[in-house]
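Each chain, letter by letter, is given below.
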Amino acid sequence: MIPIDGHPILTAATMRAAEQAHGNLSALMAQAGAGVATAARRLAGASEVLVLCGPGNNGGDGYVAAVELHVAGHPVRVAAATEPRTDLARAARARWTGPVEPLATARPAPILIDALFGTGLSRPLDAVHAMHFHRLAAAARLTIAVDLPSGVTTDDGRVLTEPPRCHLTLALGAVKPSHLLQPAARYAGHVRLIDLGLSPASVATVIARPAFRDPGPDTHKYSRGMVALVGGAMPGASELASIAALRAGAGYVLHLGDGTGPPHALVRRPWSAGALTDPRIGAVVIGPGLGRDDTARDRLATALASGRPLVIDGDALHLLDADAPRSAQTILTPHAGEIDALFGKSTASKIDRARVAAARADVVVIFKGPDTVIAAPDSRVTVSADASDWLSAAGTGDVLAGATGAMLASGLPPFEAATAAVWLHREAARLCGRSFIADDLVGALSRVR
Ligand SMILES: NC(=O)C1=CN([C@@H]2O[C@H](COP(=O)(O)OP(=O)(O)OC[C@H]3O[C@@H](n4cnc5c(N)ncnc54)[C@H](OP(=O)(O)O)[C@@H]3O)[C@@H](O)[C@H]2O)[C@@H](O)CC1
Ligand SMILES: [K+]
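Predicted model, so just to flag it, every value in this text is computed and none were measured.

(A) Seen up close, the coordination of the potassium ion (ligand 2). Taken together, the protein ligands of the potassium ion (ligand 2) are Asn58 (OD1), Asp114 (O), Phe117 (O), Val146 (O), Leu148 (O) and Ser150 (OG), with distances of 2.5 to 3.0 Å. What the 6 donor atoms of the potassium ion (ligand 2) show is an angle range of 66 to 168° at the metal, which sorts the shape as irregular.

(B) Structural view of the packing of aromatic side chains. Taken as a whole and judged by the stated rule, the model has 2 aromatic pairs. When the ring centre of Tyr187 is taken as origin, the NZ or CZ atom of Arg165, which lies over that ring, is 5.3 Å away. A cation sits over an aromatic face here: Arg280 above Tyr222, 4.2 Å from the ring centre.

(C) Just the domain arrangement of the protein chain, in detail. According to the domain assignment, the protein chain contains domain 1 (12-206) and domain 2 (221-448). Taking the mean C-alpha position of each, domain 1 and domain 2 sit 40 Å from one another. Between domain 1 and domain 2, the contact holds 10 residues from the first and 13 residues from the second. Note on domain 1 versus domain 2: buried area summed over both sides is about 910 Å², and carbon and sulfur give 62% of it. When the buried area of domain 1 at its contact with domain 2 is split by residue, Leu180, Leu181 and Val203 rank highest and sum to 50% of it. Inspection of the region where domain 1 meets domain 2 yields 0 salt bridges. Counting every contact that joins domain 1 to domain 2 gives 5 residue pairs in polar contact (both at pLDDT 80 or more).

(D) Unusual backbone geometry, seen in detail. Omega for the bond connecting Gln182 with Pro183 falls within 30 degrees of zero, at 0°, which places this linkage in the cis form. Relative to the elements of secondary structure, Pro183 occurs in the loop between β6 (168-172) and β7 (190-194). Pro262 connects to Pro263 through a cis peptide bond whose omega is 0°. Locating Pro263 in the fold gives a position in the loop between β10 (252-256) and β11 (267-269). In this model, Asp147 sits at a positive phi of 70°, which is unusual for a non-glycine residue. Tracing the sequence through the fold places Asp147 in the loop between β5 (142-146) and β6. Given a relative accessible area of 8%, Asp147 falls into the buried group. Its identity as a non-glycine residue notwithstanding, Asp362 has a phi of 55°, on the positive side.

Parameters at a glance
- Residues numbered from 1 in each chain as written.
- Chains lettered and ligands numbered in written order.
- Predicted model: local features only at pLDDT ≥ 70, side-chain atom pairs only at ≥ 80, totals over all residues.
- Heavy atoms only, no water.
- Donors = N, O, S within 2.8 Å, 3.2 Å for Na, K, Ca; no water.
- Tetrahedral: all angles 85-135°; square planar, octahedral: opposite > 155°, others 65-115°.
- Phe/Tyr/Trp six-rings, centres within 6.5 Å; stacked < 30°, edge-to-face > 60°.
- Lys NZ or Arg CZ within 6 Å of the ring centre and 35° of its normal.
- Domains from an automatic or database assignment.
- Contact = heavy atoms within 4.5 Å.
- Buried area = accessible area lost by both parts, 1.4 Å probe.
- Salt bridge = Lys/Arg side-chain N within 4 Å of Asp/Glu carboxyl O.
- Polar contact = N/O pair within 3.5 Å; in protein donor to acceptor, adjacent residues only side chain to side chain.
- Helix = DSSP H or I, 4+ residues; strand = E, 2+ residues; numbered from the N terminus.
- Buried < 20%, exposed > 50% of the residue type's maximum accessible area, 1.4 Å probe, protein only.

What follows is the structure in structure tokens.
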């Protein structure tokens, strides 16, 4: 049971391919079931465990876990609605010598293990089965999902049948998209990986603490990164982004627009097109508070023509032609509405949408939300889950845009810069706790850096 940070994300199909490449499915199930049993024993204390087993190999894992718990002397019972249907699950079932209670009449236990369905779920759960699953989970102190909470898809974060909110999900062999993507992810609780030694290759990974470019003895303010913020109709937003860039580690931040006041570390100048020709500028951030009028359009055109690395956020995303050729490294920071507006509506998964958008616009995309997907034109993806729900407040997007500018100006390539900024932003929000405002979030950036 290990943390998932930095680990590959696999779809159901790639997981099956990894499983086939391994060749010994029975050994994998033995390992998976043993891993589930070990985790359950660690968390259960002396409490009784009830394992709910489904018809497929997820159920097979459940039978193996029950046998392992029993052999270890741990009180355990099994309940199922149907007999196993796969050879592996039947073999695992055959090794369980205790009774199998019907799901509908199963007595609750303090620890519930959900081994009903995993990556093979193909349709909603039977309504009566789902009701009993909820009944047993409501009576349990701790609910542990094997591989996935039963009722969610594997690849795209959809919920076919609402499962109970599990406390812990043990991802078997690899993290799957639905461990991270909403709305499915909220039912998984904490996600931990049971390593099955599959070492699958994937261009998608879970976000991990990035390698920041920290200053050294030879660093000066420009080499640390100079960020220019293009102001507009609402200077408060671009100022917030400017201060975020400073707090995220930029050596010099230039705010081009109206507005006065602290912090004194922020260099303020009125907007002029010529200001962006300064070769020391490592990143231009445009969008926070820009407005959507003709002035805004002109400023965006100037920024796009400047050849400087760009972070395009907020209002600027509404003025952007996604298909125009790029003259510089570019990061877009859209939320769902902005992705729809820029690239059209789609029912594809958030990971696929971010990937398609990045390739089409030849940019790095930070597709924001409670689950944030960062995608590069070469198909690389990293996903940040578990963001604080308190980030749903005005100005937090401006803070991310500023932090992204700082990371880009520090010399990180765009995908790595975007990843570092998203990580900083998420960790800063965690540090802020509850009911914080965007200004608090800015302050916290310094503390997580
Ligand atoms: N990959 C790996 O490396 C490893 C994978 N392992 C484990 O295998 C799991 C995947 O196993 P799996 O493919 O057998 O699928 P699983 O989720 O058990 O269920 C499929 C069964 O349920 C059925 N069914 C589907 N939906 C239904 C519904 N709503 N209501 C009723 N029935 C429904 C479906 O039949 P269908 O009717 O669709 O033909 C089929 O019979 C994976 O999550 C992990 O736990 C580990 O053991 C070892 C390493
Ligand atoms: K499950």
